[in-house]
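Breakdown of the fold
Single-letter residue listing:
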Amino acid sequence: MTRPERLLTVEEMCLHIDTYRGTVRAVDGVTFHVDQGESVGIVGESGSGKSMTALSLMRFTPLAGRFTAGSAMFQGRDLLKLSEREMRKIRGKDISMVFQDPMTFLNPLIRIGDQIGEVLVEHEGLSRRAAFNRAVEVLRQVRIPSPEDVAAQYPHQLSGGMRQRALIAMAIIGAPSLLIADEPTTALDVTVQAQIIELLRGVKEKHGLSLLMITHDLGIVAHVCDRVYVVYAGRIMEEAGVFEVFETPRHPYTTALLSSITYDEESGDGIGYIEGTVPSLIDPPEGCRFHTRCPAAMPVCRRLQPPRTRVSETQSVYCWLYEEAQDE
Ligand SMILES: Nc1ncnc2c1ncn2[C@@H]1O[C@H](COP(=O)(O)OP(=O)(O)OP(=O)(O)O)[C@@H](O)[C@H]1O
Ligand code: NI
């Protein structure tokens, strides 16, 4: 078996944001990777640092944010250290991103076709007209009906689902090798959600790109991802192949997340929501971040951050339950 090529390697990445209330450790020592052609999920509750992890890779982080440690190697370069000018060459061309709310990214004053074509004007030197025509083609690829008409429209003239399709068109027109999608369906109707997820899957296959899917929804992970990282309060708790995460979850947090989604099955009972909320990342718990909500917490969990324990080729867990030397 040939080893797939590594596309992105993030090691011990820390993004700290200074606020008037203190420093938010939004991403706090996160290690993960994405291989060529792979679809990787980052899943966790609200406030876990998923978006900040994604935005860090695009360097769309808040002004008050600082990378205090770590690296994010992409095609031989550390994304965390590039200048804004170098990043601009990468965005849209090598790495692109789809957001939860397309309106935060689409310019309301520019025609859809011109916005989508912009990356070709900027990076490939195409004329406005040629770029517009290519945009129409890509709008067709993402199955927008009457793409010529839509390309000439403005964002507010489109429905939410169509806007998200347009954003996906914009994300793929530059043929990036990595597409990051941050909760791309959360703001959409349920039926439209399924269509957008299917579209992303299709786009990934067709263009052979890698997908980093940020979501709180394990259903989407099951549907789209090859592997997944479970995050909590700015740290990774577990990483696993998509079957492993459902069949043999190891971390108590992963188990809790899984039980929180089984409620809508036949019986309707057994609602296992996770008690409590994600702690403030200004003054997060010592030791394992999850110990304050963990049913299996031991004294060591309160004091020391658990190391990574490998349990299979593709599964690792950061939990003292799996560490031999836990009585240190
Ligand atoms: N601009 C900002 N300034 C300061 N803190 C921020 C800022 N944006 C986010 N945070 C904080 O960073 C932490 C991580 O937030 P993030 O948005 O990455 O979480 P998330 O996992 O994406 O959650 P959600 O599922 O709600 O999108 C949170 O504690 C949040 O309050
Ligand atoms: Ni988010």
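Parameters and conventions
- Residues numbered from 1 in each chain as written.
- Chains lettered and ligands numbered in written order.
- Predicted model: local features only at pLDDT ≥ 70, side-chain atom pairs only at ≥ 80, totals over all residues.
- Heavy atoms only, no water.
- UniProt positions renumbered as here; feature names shortened; annotations may be inferred.
- Helix = DSSP H or I, 4+ residues; strand = E, 2+ residues; numbered from the N terminus.
- Expected span 1.5 Å × (residues − 1).
- Buried < 20%, exposed > 50% of the residue type's maximum accessible area, 1.4 Å probe, protein only.
- Arc of directions from axis to C-beta.
- Contact = heavy atoms within 4.5 Å.
- Phe/Tyr/Trp six-rings, centres within 6.5 Å; stacked < 30°, edge-to-face > 60°.
- pLDDT = per-residue confidence, 0-100.
- Salt bridge = Lys/Arg side-chain N within 4 Å of Asp/Glu carboxyl O.
- Near = heavy atom within 4 Å.
- Polar contact = N/O pair within 3.5 Å; in protein donor to acceptor, adjacent residues only side chain to side chain.
- Areas by Shrake-Rupley, 256 points an atom, 1.4 Å probe, with all protein chains shown as cover.
- Nonpolar A, V, L, I, M, F, W, Y, C, P; charged D, E, K, R; others polar.

Taking an unreviewed UniProt entry as the reference, the chain is identified by name as Nickel import system ATP-binding protein NikD belonging to Silicimonas algicola. What UniProt records for the chain under Subunit (unreviewed entry) is the sentence "The complex is composed of two ATP-binding proteins (NikD and NikE), two transmembrane proteins (NikB and NikC) and a solute-binding protein (NikA)." Turning to the chain, the UniProt record has this under Catalytic activity (unreviewed entry): "Ni(2+)(out) + ATP + H2O = Ni(2+)(in) + ADP + phosphate + H(+)".

Its 14 residues give helix α4 (residues 128–141) an end-to-end C-alpha distance of 20 Å, which sits within 8% of 20 Å, the value for a rise of 1.5 Å per residue. Inspection of α4 places A131, F132, A135, V136, V138 and L139 among the buried residues, and these make up the whole buried set. Buried residues of α4, viewed axially, fall in a sector of 170 degrees; they line one side. Among the structural elements, α3 (112–124), α5 (147–151) and α6 (160–172) are those in contact with the buried residues of α4. Positive backbone phi, approximately 60 degrees, marks R143, located one or two places after α4.

So, about the packing of aromatic side chains. All chains considered together, the criterion is met by seven aromatic pairs. Geometrically, the ring pair formed by Y232 and Y253 is tilted, given 4.7 Å between the ring centres and 55 degrees between the ring planes. Of this pair, Y232 sits in strand β9 (residues 227–232) while Y253 sits in helix α10 (residues 252–259); the two residues are 21 residues apart in sequence, bridging distant segments of the chain. Note on Y232: relative accessible area 0%, which makes it buried. An aromatic cluster of at least three residues, connected via ring pairs, comprises F60, F99 and F105.

To continue, consider the confidence of the model for the chain. Close inspection of predicted coordinates is inappropriate for parts of the model with low pLDDT. In this model, the chain carries a mean pLDDT of 92, and residues with pLDDT of at least 70 account for 94%. Predicted confidence for residues 267–271 stays below pLDDT 50, and this span has five contacts to residues more than four positions away or in other chains. Reported for the predicted complex are a pTM of 0.94 and an ipTM of 0.98.

Okay, the pattern of salt bridges next. Under the definition given, this model contains 18 salt bridges. Notably, a salt bridge pairs K81 with D78, separated by 3.0 Å at the nearest N-O pair. You can call K81 exposed: its relative accessible area is 62%. Judged by relative accessible area, which is 12%, D78 ranks as buried. Between E239 and R308 there is a salt bridge, and its shortest N-O distance comes to 3.2 Å.

Phi at A175 is positive, roughly 50 degrees, even though this residue is not glycine. With respect to the helices and strands, A175 occurs in the loop between α6 and β7 (178–182). In this structure, A233 takes a positive phi of about 45 degrees despite not being glycine. As for its position among the elements, A233 is in the loop between β9 and β10 (235–241).

A word on the site of ligand 1. As a matter of local geometry, ligand 1 sits amid 15 residues, with S46, G47, K50, S51 and M52 nearest to it. One nitrogen or oxygen atom from the main chain of G47 is found 2.8 Å from an oxygen atom belonging to ligand 1. In this structure, M52 approaches ligand 1 through a main-chain N or O atom, which is 2.9 Å from an oxygen atom. Protein contacts shield 65% of the accessible area of ligand 1, which totals 640 Å² for the unbound molecule. Going through the elements one at a time, β1 (6–19), β2 (22–35) and α1 (50–58) are the ones with two or more residues in the shell around ligand 1. In terms of residues, the shell around ligand 1 owes the most to one element, α1, which gives three residues. Classifying every residue of the shell around ligand 1 by side-chain character gives six nonpolar, six polar and three charged.

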